[in-house]
Structure formats: structure tokens, C-alpha cells
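Chain residues, written in single-letter form:
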Amino acid sequence: MTAKTHGYITKEIELEQIYQFILKFFDPEAKVNRYENRFGESNEMAVYFTYKGEERRLFPMVYKSRKFSKNGEKNRLVFLDLDYWGHSVEIMRSILSYFSGWLDENDCDKEEAY
């Protein structure tokens, strides 16, 4: 299993906002592939960009989860998935400091998201 850096955004944002953030702050030439579910909803994308010389791919997706839920109900969550190497933690911290959310630096360690 490959180690990943994960981000979790619990506030209501659209995936397009993440892509626009990357264009503005990381790479003005970033590319995106958008994916639709069987209901025609765009709930997943892949963003390809360069950060400090690193060729990166970020997978943001929207789903419902109890993770970080205060009432135990499934709530909308934007999940961010990035391979854990190079500047992955710095990239994710930048995104999460802008949108606010939770960070799991390495999903293979025993540390919880903060």
C-alpha cells in the first residue's frame, strides 16, 4: 500500500474551488479531469500540477461520512488524496489553511488527523 497524505474539508465548498486555488497559488498551468457519478453529479476530479519542481496529482472528491461528525450523522465531506512524498504535507497544509479542515500527514502511521 502506498502512503498518502489526506485532507478533509467539512465546510460547504465546490471541487472547482480547489482547482482554482491550485491555479492561483501553485501552478497556473494545472490541468483537471472531472468525473461524474451515475447520477450525473460531478463529485470527483484529478488535478495535475507542478509544485516546487514536483509533478503532483491531487484527487479531491465529495462524499458523506461520519468522520469528524459532531452529531454522529453522515455529513458532506470533501476528501483530498495526495501521494505522501516530497512536499505533500506542505501542499496539503496550504490547501487546508485556506479552506480549513483536517490533515492526516501519513495515512500509514498511527497518528490521527489534526
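Heads up: the structure comes first, above all this text.
Conventions used here
- The written sequence of each chain sets the order in which its residues are numbered from 1.
- Per-residue local features of the predicted model are confined to residues with pLDDT of at least 70, and side-chain atom pairs are confined, for both listing and counting, to 80 or more; whole-chain, interface and lining totals are unaffected and use all residues.
- In computing side-chain values, all of the structure's heavy atoms are included and hydrogens and water are not.
- By the criteria applied, helices consist of DSSP H or I runs no shorter than four residues and strands consist of E runs no shorter than two, each listed in order from the N terminus.
- Radius of gyration: over C-alpha atoms. The globule rule applied is 2.2 Å multiplied by the number of residues raised to the 0.38 power.
- Think of a nonpolar core as a cluster: buried Ala, Val, Leu, Ile, Met, Phe, Trp, Tyr and Cys residues, connected wherever their side-chain atoms sit within 4.5 Å.
- The rule is simple: take the accessible area with a 1.4 Å probe, protein chains only, and divide by the maximum for that residue type; under 20% is buried, over 50% is exposed, in between is partly exposed.
- Here a residue-residue contact requires only that any non-hydrogen atoms of the pair lie within 4.5 Å.

1. Some remarks on the overall build of the chain
Then, number 1: Helix and strand content of the chain: 2 helices and 6 strands.
Then, number 2: The order of helices and strands in the chain, counted from the N terminus, is β-α-β-β-β-β-α-β.
Then, number 3: The C-alpha radius of gyration computed for the chain amounts to 14 Å, which stays within 12% of the reference 13 Å derived for 114 residues, consistent with globular compactness.
Then, number 4: Seen through its principal axes, the chain has C-alpha atoms that stretch 40 × 35 × 30 Å.

2. Regarding the nonpolar core
Considering soluble globular proteins, one finds that nonpolar side chains tend to be buried as a cluster.
Then, number 1: Ranked by size, the top nonpolar core spans 27 residues in total, and within it Ile-18, Ile-22, Phe-49, Leu-58 and Leu-80 carry the most contacts.
Then, number 2: Elements supplying a minimum of two residues to this core: helix H1 (15–25), strand S3 (42–51), strand S4 (54–65), strand S5 (75–83) and helix H2 (88–99).
Then, number 3: With residues up to four places along the chain from it excluded, the contact list for Ile-18 reads Ile-9, Ile-13, Leu-58, Pro-60, Val-78, Leu-80 and Phe-99.

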